[in-house]
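Structural characterization, general
This is what each chain is made of:
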There are 2 protein chains.
Amino acid sequence: MPAMLPPDSVGLVKPLRAYFDEPLALACGKTLSTYEVVYETYGELNAARDNAVLVCHALSGNHHAAGYHDMDDQKPGWWDAHIGPGKTIDTRRFFVIALNNLGGCHGSTGPCSIDPETGRSWGPTFPVVTVSDWVHSQARLADRLGIERFAAVIGGSLGGMQVLQWTLTYPERIANAVVIAATPRLSAQNIAFNEVARQAIRSDPDFHDGWYAEHGALPKRGLKLARMVGHITYLSEHSMGAKFGRDLRSEELNFGYDVEFQVESYLRYQGDTFSTAFDANTYLLMTKALDYFDPAAAHAGDLAAALAPATCPFLVVSFSTDWRFAPARSRELVDALVRAGKRVSYVEIDSSHGHDAFLLPDARYQAVFGGFMKRAARELGLEGN
Amino acid sequence: MPAMLPPDSVGLVKPLRAYFDEPLALACGKTLSTYEVVYETYGELNAARDNAVLVCHALSGNHHAAGYHDMDDQKPGWWDAHIGPGKTIDTRRFFVIALNNLGGCHGSTGPCSIDPETGRSWGPTFPVVTVSDWVHSQARLADRLGIERFAAVIGGSLGGMQVLQWTLTYPERIANAVVIAATPRLSAQNIAFNEVARQAIRSDPDFHDGWYAEHGALPKRGLKLARMVGHITYLSEHSMGAKFGRDLRSEELNFGYDVEFQVESYLRYQGDTFSTAFDANTYLLMTKALDYFDPAAAHAGDLAAALAPATCPFLVVSFSTDWRFAPARSRELVDALVRAGKRVSYVEIDSSHGHDAFLLPDARYQAVFGGFMKRAARELGLEGN
């Protein structure tokens, strides 16, 4: 709880809602006849409506990217380190939009919402949404707000995939792309970890084939395991070692199965917290969106060919100890962008924090990312400091 | 099923049993009053009884390291690639002993055995055994067979930890040490993966606090998940990619949760097979033995100091794409051995197979390992070509 708001905070923010009754056709073949999207904005949309920046979230993210909902909040939004007056994404210059993607569990239409056709919760019948579907729904939100072209679309991890899709689906509507800690497609190992998470959730007897809410149950064991596995892949071996090492919780080995090493305690806590805070059906959907993303697939695996439609400059950022989406995966994207004749700046940030580094402040990361954003603002003729 | 046995096979083998009624005091403070060990031997013990080699198994291994139990067997023992006449561990020269460790589920005393004090299965009350305990029990077996000193003690992964412990507990009883794909202690990340496996098993409602057998149940979901996670860490990202890539099982995406990618199918199959073939309480014990192994702990983290008692020559082998126990972990051991003034040969084998490479044939691996064994035989004056 901040006794007072930090001066570089966007301050107290309120989620907004946008309701759509134009049907949205999804990649899976189904259609959402109506849907609602929850979002937040930071900064001011200028008169020309050309200073808007879209921030896309990752697997377990949401629309609350910066600021506080309440003076009693323990923590600000998930990317507060990078969004605010004078920060990397400078809200004195940019109008920032962050939304909760369709299929989410933080207010946008998803498995916990009511299916208008049946009058009951969608639950497991909510259609599998893809990165493309999200991009379409984000463009609709831009239409609603009168934004023809984004000054930038930005995201890390699964958010970076959405940025990449934006450059292909709506090249005329994106002036700059920032793709952070992402990959042009999941590896077999990435899919394997997702599959473990899905099996953990789906084999939990409390999952009830996805109808847990109707059974008054929660597949907490499954979600906990999914989160524990996920968490290992978000941290680097080094950061886990530096943070916990082989430290024991008490002086002596207990020769049993109670928490013994600090790292066990940390993982169990992370898993327990997540197991009641996040929706299992949403988690399944998000992992599928990750697995499916593969723009090169329609071009016989030729990523450079797939990237042909893109027109904007790219900033691609990776982190040295990220083993979920390693720097090599970003270089794969950068190579293809270069081969396709696109403008791209690439930087690999030295960091010990693994995949999670994209969420954290870091001097070089902020300098490069902030520099790219300043250049973007200058080229777009946006006012500022 | 071999239509006929390969000429370099140890052939048809039969497990043997050794019953001990001298109590074995364990590191946890408890004592096994009696116990039984199941083992196999390959080759002939010579008259001087100085050609014996002990092979130690890894997490899910057992005493059946080479040859066939039956002409109908689909597969030979788990290290058949390296044990046999003319192979790396040449049974024309060496007498090889492989046993199932205490706490195991393949015949040695463990959770599935009867606790003589209660007359019921040990189940979850079987004491947590450590690498040290295993080494003591292995030395007892050597006594029983009249073997004063092993020509070599050899093992990969958790097996390599047992080798290391042999050099410290019984330096006078081991002439050569071969430590393959191992580590002097688990990292926080290694412990974290083990903890996910344990939580998966222990949170399965069919686990019944370890009394599943008495409930007529099997914690199959938990064991399956544990094996799936484990399996990802045994393979390299590269070998998984080369084997499965993003290949789909059918032409089209199914936009659902049935098996879609080949890698999902493979992992589910591996998990399902394991979930009925291995005992859950044993799996828990084995992961704890891994977590606890840390000879440097008693020396304020100084591994070189911990290694002071060792006297024999070492061969340390790692594999380039092993990320479970990466080459850096072997180098840590090698550095400490060198600092402690020990004789050590180290080789990092280029392999795409990750941790599993230690089980597989590979020309350079066999040449180096075989060369070390030949030199050992020569120095010990053992007959053979």
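Note that the structure is predicted; figures quoted are calculated from it, not measured.

Here's the deal with the packing of helix 3 (residues 188–202) of chain B against helix 7 (residues 280–292) of chain B
The relative placement of two packed helices is expressed as an angle between their axes plus a distance between the axes. Residue and element names in this part refer to chain B. Contact pair helix 3 / helix 7: the axes reach a minimum separation of 10 Å and the direction vectors enclose 160 degrees. When the axes of helix 3 and helix 7 are compared, the pair comes out roughly antiparallel. Crossing hand, helix 3 versus helix 7: left-handed. On helix 7, the residues touching Ile191, Asn194, Ala197, Arg198, Ile201 and Arg202 of helix 3 are Ala280, Tyr283, Leu284, Thr287, Lys288, Leu290 and Asp291. Counted by class, the contact of helix 3 with helix 7 contains seven nonpolar, two polar and four charged residues.

Observations regarding the side chain of B:Gln162
Residues and elements named next belong to chain B. Mapped onto the elements, Gln162 comes out in helix 2 (residues 158–169). A distance of 3.0 Å separates a polar side-chain atom of Gln162 from the backbone oxygen of His57. With residues up to four places along the chain from it excluded, the contact list for Gln162 reads Cys56, His57, Asn101, Val131, Trp134, Val135 and Gln138.

Regarding the environment of A:Glu260
Tracing the chain through its elements places A:Glu260 in the loop between helix 5 (237–244) and helix 6 (262–277). On the accessibility criterion, A:Glu260 (3% relative accessible area) is buried. It is 50 Å that separates the C-alpha atoms of A:Glu260 and A:Ala376, two residues lying 116 residues apart in sequence. Within the local environment of A:Glu260, its side chain forms a polar contact with the side chain of B:Lys288, the two groups lying 2.7 Å apart.

Re the UniProt feature "domain: AB hydrolase-1" (unreviewed entry) in chain A
Following the UniProt record, one finds the feature "domain: AB hydrolase-1" (unreviewed entry) at residues 51–359 of chain A. Summarising residues 51–359 of chain A: 36% helix, 11% strand, and an end-to-end C-alpha distance of 23 Å.

Let's talk about the pairing of strand 12 (residues 344–349) of chain A
Residue and element names in this part refer to chain A. Relative to strand 12, strand 11 (residues 314–319) is paired through six bridges, and the arrangement is parallel. Pairing of Phe319 across the sheet is with Ile349, part of strand 12. For the crossover that starts at strand 11, traverses helix 9 (residues 327–339) and ends in the parallel strand 12, the hand is right-handed.

Let's talk about the relation of the copies chain B and chain A
If you rotate chain B by 180 degrees and push it 0.0 Å along the axis, it lands on chain A with an RMSD of 0.0 Å. The two molecules are tied by a two-fold rotation axis, judged by turn and shift. The residues that chain B uses at the interface reappear at the interface of chain A in 98% of cases, marking a shared surface.

A short note on the domain arrangement of chain A
All names here are of chain A. Structurally, chain A comprises domain 1 (16–185 + 299–380) and domain 2 (191–287). Contact between domain 1 and domain 2 buries roughly 2,100 Å² in total, counting both sides, with carbon and sulfur atoms accounting for 64%. Of all residues in domain 1, the largest losses of buried area upon contact with domain 2 belong to Leu59, Pro124 and Trp323, amounting jointly to 28% of the total for that side. There are one salt bridge connecting domain 1 and domain 2. A salt bridge links Arg120 to Glu214; the nearest nitrogen and oxygen atoms lie 2.9 Å apart. At the junction of domain 1 and domain 2, the tally comes to nine residue pairs in polar contact (both at pLDDT 80 or more). When the residues that make up the side of domain 1 that touches domain 2 are grouped by side-chain class, the tally is 14 nonpolar, 13 polar and three charged.

Comments concerning helix 5 (residues 237–244) of chain B
Residue and element names in this part refer to chain B. All of the buried residues in helix 5 are Ser239, Met240 and Phe244. Axial view of helix 5: buried residues confined to an arc of 105 degrees, hence all on one face. Projecting away from the buried face of helix 5 at angles above 90 degrees are the exposed residues His238 and Ala242. Gly245 sits one or two residues past helix 5 and shows a positive phi near 50 degrees.

Points about the side chain of A:Arg268
Of note, A:Arg268 is situated in helix 6. When its relative accessible area of 15% is taken as the criterion, A:Arg268 is described as buried. Residues in contact with A:Arg268, not counting those within four places in the same chain, are A:Lys224, A:Met228, A:Tyr257, A:Asp258, A:Val259, B:Glu195 and B:Gln199.

Looking at the UniProt feature "binding site: substrate" (unreviewed entry) in chain A
All names here are of chain A. The UniProt entry lists Arg227 and Asp356 under the feature "binding site: substrate" (unreviewed entry), expressed in the numbering used here. In summary, the annotated positions, though distributed over 130 residues, converge in three dimensions, the widest C-alpha pair being only 13.9 Å. Relative to the assigned elements, Arg227 resides in helix 4 (residues 220–234). Leave out the neighbours within four places in its chain, and Arg227 touches Ser60, Tyr234, Gln270, Gly271 and Phe274. Examined against the element boundaries, Asp356 turns out to sit in the loop between strand 12 and helix 10 (363–380).

Some points on the packing of aromatic side chains
Counted under the stated rule, the structure contains 32 aromatic pairs over all chains. Centre to centre, the rings of A:Trp122 and A:Phe126 are 5.2 Å apart; their planes meet at 80 degrees, and the pair counts as edge-to-face. Seen from their ring centres, B:Phe207 and B:Tyr212 are 5.8 Å apart, and the 40 degrees between their planes marks the pair as tilted. B:Tyr212 carries the same exposure label as B:Phe207, and that label is buried. Grouped by ring-pair contacts, the aromatic residues A:Trp78, A:Trp79, A:Phe319, A:Tyr365 and A:Phe369 constitute a single cluster.

Examining the sheet that holds strand 5 (residues 52–56) of chain B
Residues and elements named next belong to chain B. Taken in spatial order, the eight strands of this open sheet run 1-4-8-5-9-10-11-12, and their pairing is mixed. Of all strands in the sheet, those bounded by a partner on one side alone are strand 1 (16–20) and strand 12 (344–349). Neighbouring strand axes in the sheet, compared pairwise and without regard to direction, differ in orientation by 20 degrees on average. Here strand 9 (residues 152–156) pairs with strand 10 (residues 177–180) via four bridges, running parallel.

Quick notes on empty space enclosed by the protein
Applying the stated criterion across every chain yields a total of five cavities of 30 Å³ or more. Quantified by volume, the largest cavity comes out at close to 90 Å³. Along the wall of the largest cavity there are 14 residues; nearest its centre are A:Ser203, A:Asp204, A:Leu225, B:Ser203 and B:Leu225. Of all the secondary-structure elements, those providing two or more residues to the lining of the largest cavity are helix 4 of chain A together with helix 4 (220–234) of chain B. Within the lining of the largest cavity, the residues separate by chemical class into six nonpolar, four polar and four charged.

Some details on the interface of chain B and chain A
Across the boundary between the two partners, chain B contributes 53 residues, which contact 52 residues of chain A. Of the roughly 4,700 Å² buried at the junction of chain B and chain A (both faces included), carbon and sulfur atoms supply 66%. Considering only the side of chain B, the residues that lose the most area to chain A are B:Arg246, B:Phe255 and B:Tyr257, jointly responsible for 18% of the buried surface there. If you look at where chain B meets chain A, you find 10 salt bridges. Among the ionic pairs, A:Glu260 bridges to B:Lys288, the shortest N-O distance being 2.7 Å. Taken together, the links from chain B to chain A amount to 24 residue pairs in polar contact (both at pLDDT 80 or more). Sorting elements by how many residues they give to the side of chain B that touches chain A places helix 3 of chain B first, with 11 residues. Across the side of chain B that touches chain A, the residue classes tally to 28 nonpolar, 10 polar and 15 charged.

The rules behind the values
Residues numbered from 1 in each chain as written. Chains lettered and ligands numbered in written order. Predicted model: local features only at pLDDT ≥ 70, side-chain atom pairs only at ≥ 80, totals over all residues. Heavy atoms only, no water. Axes fitted to C-alpha atoms, helices over the stretch in contact; angles between N-to-C directions. Helix = DSSP H or I, 4+ residues; strand = E, 2+ residues; numbered from the N terminus. Parallel < 35°, antiparallel > 145°, perpendicular 65-115°, else oblique. Left-handed = near helix turned anticlockwise from the far one by under 90°. Contact = heavy atoms within 4.5 Å. Nonpolar A, V, L, I, M, F, W, Y, C, P; charged D, E, K, R; others polar. Polar contact = N/O pair within 3.5 Å; in protein donor to acceptor, adjacent residues only side chain to side chain. Buried < 20%, exposed > 50% of the residue type's maximum accessible area, 1.4 Å probe, protein only. UniProt positions renumbered as here; feature names shortened; annotations may be inferred. Pairing = 2+ DSSP bridges. Right-handed = clockwise from strand over helix to strand, strands pointing away. Least-squares fit on C-alpha atoms with pLDDT ≥ 70 in both. Domains from an automatic or database assignment. Buried area = accessible area lost by both parts, 1.4 Å probe. Salt bridge = Lys/Arg side-chain N within 4 Å of Asp/Glu carboxyl O. Arc of directions from axis to C-beta. Phe/Tyr/Trp six-rings, centres within 6.5 Å; stacked < 30°, edge-to-face > 60°. 1 Å grid on protein atoms, 1.4 Å probe; cavity = no way out; pocket = protein on both sides within 12 Å on 5 of 7 lines; lining within 4 Å. Points joined across faces, edges and corners; volume = space filled by probe spheres on them.

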